[in-house]
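# Remarks on the overall topology
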Amino acid sequence: MDIPKPAPNPANETHENRLKRMQMRSMRRGIKEMDIILERYAADNLSSMDAATLDLYDALLHENDQDLYQWVTGQKPAPDHFSAMILDISKAISGPN
C-alpha cells in the first residue's frame, strides 16, 4: 500500500511556515477532541520531526477526524502507514503510566 502524499505545498513555503501551517491545522479540526489531541501532539513534536515524518504527519492531517479519533483511541486499527505515528500520538495523550 502506498503512503498517501500530502497536498502540495506552495513552492515558496519555508520550513517555518510549514510548521506554522501544520500547527494551525492540528488545532483547527472538525471535532474538538481531535483539536485538543493534535494541538498538544504538534506543539510537542513538530519542531523535532524530520522531512519524511513531517510529510507523513501532513498526510495524517488530511484524514477524517472520526477515523483519526477511532485510531488514536484504539477503537479501530490505523492503516499500516500511520500505525507508528498513531501509536506515538496515543502514548503522548495518555500521559505517564
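Rules and cut-offs
- Every chain begins its residue count from 1, and numbering advances along the sequence as written.
- In keeping with the model being predicted, local features are shown solely for residues with a pLDDT of at least 70 and side-chain atom pairs are shown and tallied solely at 80 or more, while totals for entire chains, interfaces and linings include all residues.
- Side-chain calculation: all heavy atoms of the structure are included, whereas hydrogens and water are not.
- Secondary structure elements are defined from DSSP: runs of H or I of at least 4 residues count as helices, runs of E of at least 2 residues count as strands, and each element is numbered from the N terminus.
- Here, Shrake-Rupley sampling with a 1.4 Å probe gives the accessible areas, and only protein chains in the shown set may cover a residue.
- Confidence of the predictor at the level of single residues is given by pLDDT, which spans 0 to 100.
- Each residue's exposure class comes from its accessible area (1.4 Å probe, protein chains only) as a fraction of the maximum for that residue type: buried when under 20%, exposed when over 50%, partly exposed otherwise.
- Working rule for contacts: check all heavy atoms of both residues, and any pair within 4.5 Å makes them a contact.
- In these notes, a set of buried Ala, Val, Leu, Ile, Met, Phe, Trp, Tyr and Cys residues joined through side-chain atoms within 4.5 Å is what counts as a nonpolar core.

### Topic: the overall build of the chain
Helices and strands together make up the secondary structure of the chain, namely five helices and zero strands. N-terminal to C-terminal, the α/β element order of the chain is α-α-α-α-α. For the chain, the exposed surface amounts to about 6100 Å²; the carbon and sulfur share of it is 53%.

### Quick word on the confidence of the model for the chain
Looking at the chain, the pLDDT average stands at 88 and 86% of residues meet or exceed 70. Mean pLDDT per element in the chain: helix H5 (residues 80-94) is the minimum at 92, and helix H3 (residues 51-60) is the maximum at 95.

### Quick notes on the side chain of Asp 65
One can find Asp 65 in helix H4 (residues 65-72). Relative accessible area serves as the criterion here: at 7%, Asp 65 is assigned to the buried category. Apart from residues lying up to four places away in sequence, Asp 65 is in contact with Arg 29, Gly 30, Ile 31 and Met 34.

### Thoughts on the nonpolar core
In this structure, Leu 38, Leu 46, Tyr 57, Leu 60, Ile 86 and Ile 89 are the most contacted members of the largest nonpolar core, which totals 23 residues. Those elements that place two or more of their residues in this core are helix H1 (15-27), helix H2 (32-45), H3, H4 and H5. In contact with Leu 60, other than residues within four places in its own chain, are Leu 68, Trp 71, Phe 82, Met 85, Ile 86 and Ile 89.

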